[in-house]
Amino acid sequence: MRRNTVPFLGVLLLAGCVEILPPSDSTNGLPEGLEVSLVLDDDEVMQHAPFTALFTATNTTRSAMQIVTSHGCLVLPGVYRNGVRVPFKGSAYGCTAAITTHVFAPGETKTYEWSMRAELYAQDPGDIEGAPAPTGSYMVRVEFELQPPPGSQHRPRAETTLVVR
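Residues numbered from 1 in each chain as written. Predicted model: local features only at pLDDT ≥ 70, side-chain atom pairs only at ≥ 80, totals over all residues. Heavy atoms only, no water.

Participant: Just checking my understanding: could you explain the sheet that holds strand 14 (residues 157–164) for this structure?
Facilitator: Backbone hydrogen bonds hold the strands of a sheet together, and the pairing may be parallel or antiparallel. Reading across the sheet, the five strands line up as 5-14-13-8-9 and stay open at both edges, with mixed pairing between neighbours. On the outer flanks of this sheet lie strand 5 (44–45) and strand 9 (84–86), each paired with one strand and no other. (Pairing = 2+ DSSP bridges. Helix = DSSP H or I, 4+ residues; strand = E, 2+ residues; numbered from the N terminus.)

Structure, rendered in structure tokens:
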């Protein structure tokens, strides 16, 4: 299992040893003291194989914090290749269409898990349901849709690499 942890002020890759990566702006816009991480149960899978993505968000402060999103979900999962969303099975989620305040007590951790497959769901006419995901490298990502949106198009996120063989 490989872990990518994205603390508020940087990125650490934990894979048997610690490697410090360049600072990432992926969490810009989140409250200071919110530590987020996205972990895959397997970072390399065969076509059609299942895998699980586990997201955690922890309030590392001594005060309650709030995150307001434009829907009922704290984050939305997705799989991307070259910046384009790829319709992996298990990566499409609907959320209530309501501005929602997510409250974190001091020290509280919220955990979300998604079961996905390295195969595609049909999203457009002519797509084949259950087609194998093309081999190669992907980014599994969770994004925060903050309300009000930040001044730029940037959405805070956590992400990790998945390889399909």
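There's more to say after this.
Participant: I'm lost on the state of the cysteines in this one. Help?
Facilitator: In a disulfide, the sulfur atoms of two cysteines are covalently bonded to one another. As enumerated under the stated definition, the model contains one disulfide in all. Paired by a disulfide, Cys-73 and Cys-95 hold their sulfur atoms 1.8 Å apart. Negative torsions about the S-S bond denote left-handed disulfides, and the value of about -100° found for Cys-73 with Cys-95 makes this one left-handed. Of this pair, Cys-73 sits in the loop between strand 7 (65–69) and strand 8 (76–81) while Cys-95 sits in the loop between strand 10 (88–89) and strand 11 (100–104), and the two are 22 residues apart along the sequence. (Disulfide = S-S within 2.5 Å.)

Participant: Looking at this structure, I do not really get the pattern of salt bridges. What am I missing?
Facilitator: Pairing between side chains becomes possible if they bear opposite charge and their charged atoms approach one another. The final tally for this structure, using the stated rule, is eight salt bridges. Note that Glu-119 and Lys-89 form a salt bridge whose closest N and O atoms lie 3.6 Å from each other. Note that Glu-119 is positioned in strand 12 (residues 109–120) and Lys-89 in strand 10, a separation of 30 residues in sequence. Looking at Lys-89, the relative accessible area reads 23%, which means it is partly exposed. A salt bridge links Arg-157 to Glu-159, with the shortest nitrogen-to-oxygen separation between them at 3.3 Å. Looking at Glu-159, the relative accessible area reads 22%, which means it is partly exposed. Where salt bridges share partners, they join Arg-141, Glu-143, Glu-145, Arg-155, Arg-157 and Glu-159 into one cluster. (Salt bridge = Lys/Arg side-chain N within 4 Å of Asp/Glu carboxyl O. Buried < 20%, exposed > 50% of the residue type's maximum accessible area, 1.4 Å probe, protein only.)

Participant: Before we go on, may I ask you to explain the confidence of the model for the chain in this structure?
Facilitator: Do not read the predicted coordinates in detail wherever pLDDT is low. Residues with a pLDDT of 70 or more make up 83% of the chain, whose mean pLDDT is 84. Of all secondary-structure elements in the chain, the lowest mean pLDDT belongs to strand 2 (residues 12–14), at 33, while strand 5 reaches the highest, 98. For the stretch residues 1–25, pLDDT sits under 50, and the model shows 55 contacts to residues farther than four places along the chain or on other chains. (pLDDT = per-residue confidence, 0-100. Contact = heavy atoms within 4.5 Å.)

Participant: Even after reading the chapter, I still don't get the nonpolar core, so can you show me in this structure?
Facilitator: Across soluble globular proteins, nonpolar side chains have a tendency to be buried as a group. The biggest cluster of nonpolar side chains holds 32 residues, and the ones touching the most others in it are Phe-55, Phe-88, Val-140 and Phe-144. Elements represented by at least two residues in this core include exactly strand 4 (34–40), strand 6 (50–59), strand 7, strand 12, strand 13 (136–143) and strand 14. Excluding residues within four positions of it along the chain, Phe-144 makes contact with Leu-30, Val-36, Phe-55, Ile-67, Leu-74, Val-75, Arg-155, Pro-156 and Arg-157. (Core = buried A, V, L, I, M, F, W, Y, C linked by side-chain atoms within 4.5 Å.)

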